[in-house]
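# Analysis of the macromolecular model
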Amino acid sequence: MSSYPAKIEGASCYVDGARLPVMAEVDLPEIEFEEAEIAGMGLSGVLSGVLPGLAKAMEATFKPSGLSSSALRALVRPGQSTEVDVRWVQSEFDDRLRAQRSVPGRAFMVCAPKGFKAGTIKHGRDDAAEVTVAVSYLRIEQDGVTIIEVDPVNQILVVDGTDLLADLRASL
């Protein structure tokens, strides 16, 4: 079955279980892994490999509409971890059914504030503030299925249902 994603139909953001009234945009974390270079006798060059067990630091950015005090109070709590749950519905075209369908998505994060930009005040504009957070746990689901889970603290990396670090944890 092939499906083609279209547009986000709607979204909401929850912080520690409470729904935030207005969130204009959320930039989810970029997931990168450490690399290792191998050079030596018997090689005619340098090999580069990815170490999936060593994820680089992740961060996300939240952009509430305007200077939303409830969003800033919920996200900017220095020294405290926050659970953030971003939910959305994405429209996609199902090739097999020859029909459009709505697919739920979810990104769950444990994060701590790194900093924030209070925004710009200008007549007739709704310039969003920005809150940047360090992410220590990330799970992205689509249609109830975990697409990716990154948990550096517990050495978990699940990609499309496969736990890539299960052997590493079992060996330790």
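About the thresholds
- Residues numbered from 1 in each chain as written.
- Predicted model: local features only at pLDDT ≥ 70, side-chain atom pairs only at ≥ 80, totals over all residues.
- Heavy atoms only, no water.
- Salt bridge = Lys/Arg side-chain N within 4 Å of Asp/Glu carboxyl O.
- Buried < 20%, exposed > 50% of the residue type's maximum accessible area, 1.4 Å probe, protein only.
- Patch = residues over 30% accessible without salt bridge, like charges linked within 9 Å, V, L, I, M, F, W, Y side chains within 5 Å.
- Areas by Shrake-Rupley, 256 points an atom, 1.4 Å probe, with all protein chains shown as cover.
- Lys, Arg positive; Asp, Glu negative; His and termini not counted.
- Charge placed at Lys NZ, Arg CZ, Asp CG, Glu CD.
- Helix = DSSP H or I, 4+ residues; strand = E, 2+ residues; numbered from the N terminus.
- Disulfide = S-S within 2.5 Å.

Side-chain pairs of opposite charge can arise whenever the charged atoms involved come near each other. Per the counting criterion, the structure on display carries nine salt bridges. The shortest N-O distance in the salt bridge between Asp85 and Arg87 comes to 2.9 Å. Its relative accessible area of 6% is what places Asp85 among the buried residues. With a relative accessible area of 37%, Arg87 lands in the partly exposed category. The residue Glu141 makes a salt bridge to Arg139 at a minimum N-O spacing of 2.9 Å. The exposure class assigned to Glu141 is buried, which follows from its relative accessible area of 15%.

Looking now at a negative patch on the surface. Together, Glu30, Glu32, Glu34, Glu35 and Glu37 make up a negatively charged patch on the protein surface. You can see Glu32 is positioned in the loop between β3 (25-27) and β4 (33-38). Residue classification places Glu32 among the partly exposed positions, given a relative accessible area of 38%.

This brings us to the state of the cysteines. If you walk through the whole model with that rule in mind, you get zero disulfides. Cysteine Cys13 shares no disulfide, and the gap to the nearest cysteine sulfur, in Cys111, comes to 8.8 Å. Under the relative-accessibility criterion, Cys13 is labelled buried at 3%.

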